[in-house]
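Observations on chain architecture
So you can see what is in the structure, the chains are spelled out below.
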Amino acid sequence: MPEPTVDRKPCFDVPKRKDEDFILDYPSKPSGWAMFRAIGSPRYSLAPMVAGSDLPFRMLVREHGCQLCFSPMYHARVFTESAACRDSMHQTNGNDTPLIVQLAGHDPKVVLEAAQLVEKDCAAVDLNLGCPQGIARKGVYGAYLATNWPAVYEVVNTLHRKLSIPVTCKIRLQHDDEDPMKPDVPRTLAYVRMLLDAGCQMLTVHARTTAMKGQGAPYYDVVAKIAQEINGKVPLVVNGAVDSVEKAALVMEQIGAVAVMAGVPILANPGVFNPKMQNPDLADLKDMCRRYISITDSLDNVDDKSKRKLIRAHVMRMMKGRVTSESMQNLAEFRDSADLVARLGAVVAAKDEHTPAGPKGSGDQRDSSEALSPSNTE
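For every chain, the first residue of the written sequence is number 1, and numbering continues from 1 onward in sequence order. For a predicted model such as this one, the threshold for reporting local features is a pLDDT of at least 70, and the threshold for listing and counting side-chain atom pairs is 80 or more; totals across whole chains, interfaces and linings nevertheless cover every residue. No hydrogens and no water enter the side-chain calculation; it runs on all heavy atoms of the structure.

**What to know about the UniProt feature "active site" (unreviewed entry) in the chain**
Note the following rule: UniProt positions are given in the numbering used here, feature names are shortened, and annotations may be inferred rather than shown by experiment. For the purposes of this entry, the term helix denotes a DSSP run of H or I that reaches at least four residues, the term strand denotes a run of E that reaches at least two, and both are numbered from the N terminus. Only protein chains enter the calculation, and the probe is 1.4 Å; a residue is then buried if its accessible area is under 20% of its type maximum, exposed if over 50%, and partly exposed in between. Any two residues whose heavy atoms approach within 4.5 Å at even a single point are treated as in contact.
The residues that UniProt annotates with the feature "active site" (unreviewed entry) are Cys131. By secondary structure assignment, the location of cysteine 131 is in the loop between β4 (124–129) and α6 (134–139). Judged by relative accessible area, which is 14%, cysteine 131 ranks as buried. When residues no more than four places from it in sequence are discounted, the contact partners of cysteine 131 are Ala136, Tyr141, Gly142, Ala143 and Tyr144.

Below you can see the structure in the form of structure tokens.
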């Protein structure tokens, strides 16, 4: 059954809170801070990434210091309508904890139904309000739902009232009407206030606008203003170009956030949060690839076709920019896991390494101090 239509025209009206917005089905459920502390006050988290934050990769990064993982984004309507798709999407096990499951959708009833299917498997449910891809525009979710504040409020508040676990939100900065590459600070702060009023219990901010996607220096200074606005009401997590333990510490200190989230950089180096893997050489990356292959092959709840697809994608990401194009092609043509391990060993033995020109996978070529300096937001 198709979801109800949602107005695609931007609407930045702040909904008026009603008495029923405060009536919870589970009055004793944990607050955002209680949840955050119960899972160990994690400072380092893995971003929700379609075809990126899969179960075996979550298990790998946990071995390298990542303390909280998000699932890939699940499309709420597809998740509720198809048991086969649900089983394929939502894969977890007893070692995959703490976990937050991310959902996308604009119909409060459908998103709630999807959330209720996973609320026993995770610490919280996250609403995707930041996906900048075209498919999100078509489906009116992610960053393209974030321009309809009444609709956002309704989804967040429904999850807050009806779930036994907290609802969290992952957002981008609201953009300037004349220049979508620049954030509108007052609008962003008003948006954050509205999310907290709706019941958001933890906020993750990707420090870029929708138009920026994953490129350009993050506006960390705007996130610092969000931290001041929140004033400790809920945990604040920062996402965007976090590619080392040093960068993570600097971002948290200067912004006033309690945690950071890594996305693209951690795909290139799963050891982003491992002090011993800050500058992995080719042998280190080979070992992480082999470990990922081993974890993936050991899982019973992942079919062989999916395993091969996952292994190929992650090995290519880890090796991209580190070996020659000829070696990349050779690795891509592997027959099975044992063959790929052998090919990785041969590449390392041949020292067929290409030295990267800049920070691995950061998407931001400025140094940390410059990246954290005030951006031009006027």
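**What to know about the UniProt feature "domain: DUS-like FMN-binding" (unreviewed entry) in the chain**
Mapped onto the present numbering, the UniProt feature "domain: DUS-like FMN-binding" (unreviewed entry) falls on residues 46–343. Between the C-alpha atoms that bound residues 46–343 there is a distance of 28 Å. The span itself is 48% helix and 14% strand.

**Considering the packing of aromatic side chains**
Definition in use: Between rings of Phe, Tyr and Trp, where Trp is taken as its six-membered ring, a pair exists when centres lie within 6.5 Å; planes separated by under 30 degrees are stacked, by over 60 edge-to-face, and by other angles tilted. Placement of a charge over a ring requires the Lys NZ or Arg CZ to be within 6 Å of the ring centre, with the centre-to-atom vector within 35 degrees of the ring normal.
Applying the stated rule across the entire model yields six aromatic pairs. Seen from the ring of phenylalanine 12, arginine 187 lies directly overhead, with NZ or CZ sitting 4.0 Å from the centre. Against the face of phenylalanine 334 rests arginine 308, its NZ or CZ located 4.2 Å from the ring centre.

**Regarding the packing of helix α7 (residues 149–162) against helix α8 (residues 185–198)**
Working note: a packed helix pair is described by the angle between its axes plus the distance between those axes. Under the convention used in this document: Simply put, an axis is a line fit to the C-alpha atoms, just over the touching stretch for a helix, and the angle between two N-to-C directions goes from 0 to 180 degrees. For classification purposes, angles smaller than 35 degrees are called roughly parallel, those larger than 145 roughly antiparallel, those between 65 and 115 roughly perpendicular, and all remaining angles oblique. Crossing handedness: left-handed means the near helix sits turned counterclockwise from the far one by under a right angle, and right-handed means the same turn made clockwise. Polar here means any residue other than Ala, Val, Leu, Ile, Met, Phe, Trp, Tyr, Cys and Pro, which are nonpolar, and Asp, Glu, Lys and Arg, which are charged; Gly is therefore polar.
Where α7 meets α8, the axes come as close as 8 Å, and the angle between the chain directions of the two elements is 30 degrees. Classified by the angle their axes make, α7 and α8 are roughly parallel. The interaxial crossing formed by α7 with α8 has right-handed handedness. Residues Trp149, Val152, Tyr153, Val156, Asn157 and His160 of α7 touch α8, and the partners they reach there are Arg187, Ala190, Tyr191, Met194, Leu195, Asp197 and Ala198. When its residues are assigned to classes, the contact of α7 with α8 shows nine nonpolar, two polar and two charged.

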